[in-house]
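Spelled out from the first residue to the last, the chains are:
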Amino acid sequence: MNFEEVWKDLKAALRDKQHVRTLARGNLNKIVRIGENSIVVQNTNTLAEREIAKGDFEYAWKVLESKGKLYMTDLAPELHGRKAIVMALLNELSYVSHFTKPLSLQISGQEPF
């Protein structure tokens, strides 16, 4: 799937959401802003805002698409400090499923390679 389609779908999926929880720890993050090239979230515990660049999502999506499954370790060190929220936000796509042991994402209906 073309990443531009994924990006459009992700922004649409988040448009009506106010919060998203990380998948492992359940940390609540407020969706502050959805921009053309980034998504800004705020951790409700620390109140720290983080701007997640479109490129971070593209990197994660390419790994997910190429391997068929995406683990947190696949995103280190490239997305250091942003892995959990990137995975949580990608999980908001209707065609992405998550698994807990071990924590991973998979494109729904697609078998890992």
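Note that this is a predicted model, so its numbers are computed, not measured.

Enquirer: What is the right way to look at the sheet that holds strand S4 (residues 49-53) in this model?
Expert: Consider a sheet: its strands pair through backbone hydrogen bonds, and that pairing is either parallel or antiparallel. Strand order in this open sheet of four strands is S1-S2-S3-S4, and the pairing throughout is antiparallel. At either margin of the open sheet sits one strand with a lone partner, and together these are strand S1 (19-21) and S4. Each adjacent strand pair in this sheet contributes to an overall mean axis angle of 35°, direction not counted. Strand direction decides the pairing type here: S1 and strand S2 (residues 28-34), joined by three bridges, are antiparallel.

Enquirer: Explanation requested: the layout of surface pockets in the structure shown.
Expert: One simple way to see leftover space: roll a probe sized like a water molecule over the atoms. There is about 230 Å³ of room inside the largest pocket. Around the largest pocket, the lining comprises 13 residues; the ones closest to its centre are Thr22, Arg25, Asn27, Met72 and Ala84. Here the element with the most residues in the lining of the largest pocket is helix H3 (residues 83-90); it accounts for three residues. A class-by-class count of the residues in the lining of the largest pocket yields four nonpolar, five polar and four charged.

Enquirer: Please clarify how the pattern of salt bridges should be interpreted in this entry.
Expert: In a structure, side chains of opposite charge can pair up when their charged atoms sit close to one another. Applying the stated criterion to the full structure yields six salt bridges. With a closest N to O distance of 3.5 Å, lysine 62 and glutamate 58 form a salt bridge. Linking lysine 62 with glutamate 58, this pair stays in helix H2 (residues 54-67), spanning four residues, or about one helical turn. Residue class for lysine 62 comes out partly exposed when judged on its relative accessible area of 48%. Taking the relative accessible area as the measure of exposure, glutamate 58 reaches 27% and is therefore partly exposed.

Enquirer: I would appreciate a short explanation of the packing of H2 against H3 in the present structure.
Expert: Each pair of packed helices can be described by the angle between their axes along with the distance between the axes. Their axes nearest at 10 Å, the elements H2 and H3 cross at an angle of 75°. Judged on the interaxial angle alone, H3 and H2 are roughly perpendicular. Of the residues in H3, those in contact with Asp56, Phe57 and Ala60 of H2 are Val86, Leu89 and Leu90.

Enquirer: So what exactly am I meant to see when it comes to the nonpolar core here?
Expert: Among soluble globular proteins, nonpolar side chains are generally buried collectively. Counting 31 residues, the largest nonpolar core has Phe57, Trp61, Leu70 and Leu90 as the members making the most contacts within it. Contributing elements (two or more residues each) for this core: helix H1 (3-15), strand S3 (38-43), H2, H3 and strand S7 (103-107). Residues contacting tryptophan 61, with those up to four places away along its chain left out, are Met1, Phe3, Val6, Leu93, Tyr95, Val96 and Ile107.

Enquirer: In this structure, what is going on with unusual backbone geometry? I would like to understand it.
Expert: Trans is the prevailing form of peptide bonds, just as negative phi is the prevailing case for residues other than glycine. In this model, alanine 76 is joined to proline 77 through a cis peptide bond whose omega is 0°. Looking along the chain, the bond that leaves lysine 101 and enters proline 102 is cis, with omega of -10°. Examined against the element boundaries, proline 102 turns out to sit in the loop between strand S6 (96-100) and S7. A positive phi angle, near 65°, is found at leucine 47, a position not held by glycine.

So, how was this worked out
- Residues numbered from 1 in each chain as written.
- Predicted model: local features only at pLDDT ≥ 70, side-chain atom pairs only at ≥ 80, totals over all residues.
- Heavy atoms only, no water.
- Pairing = 2+ DSSP bridges.
- Helix = DSSP H or I, 4+ residues; strand = E, 2+ residues; numbered from the N terminus.
- Axes fitted to C-alpha atoms, helices over the stretch in contact; angles between N-to-C directions.
- 1 Å grid on protein atoms, 1.4 Å probe; cavity = no way out; pocket = protein on both sides within 12 Å on 5 of 7 lines; lining within 4 Å.
- Points joined across faces, edges and corners; volume = space filled by probe spheres on them.
- Nonpolar A, V, L, I, M, F, W, Y, C, P; charged D, E, K, R; others polar.
- Salt bridge = Lys/Arg side-chain N within 4 Å of Asp/Glu carboxyl O.
- Buried < 20%, exposed > 50% of the residue type's maximum accessible area, 1.4 Å probe, protein only.
- Parallel < 35°, antiparallel > 145°, perpendicular 65-115°, else oblique.
- Contact = heavy atoms within 4.5 Å.
- Core = buried A, V, L, I, M, F, W, Y, C linked by side-chain atoms within 4.5 Å.

In short, geometric facts, not functional conclusions.
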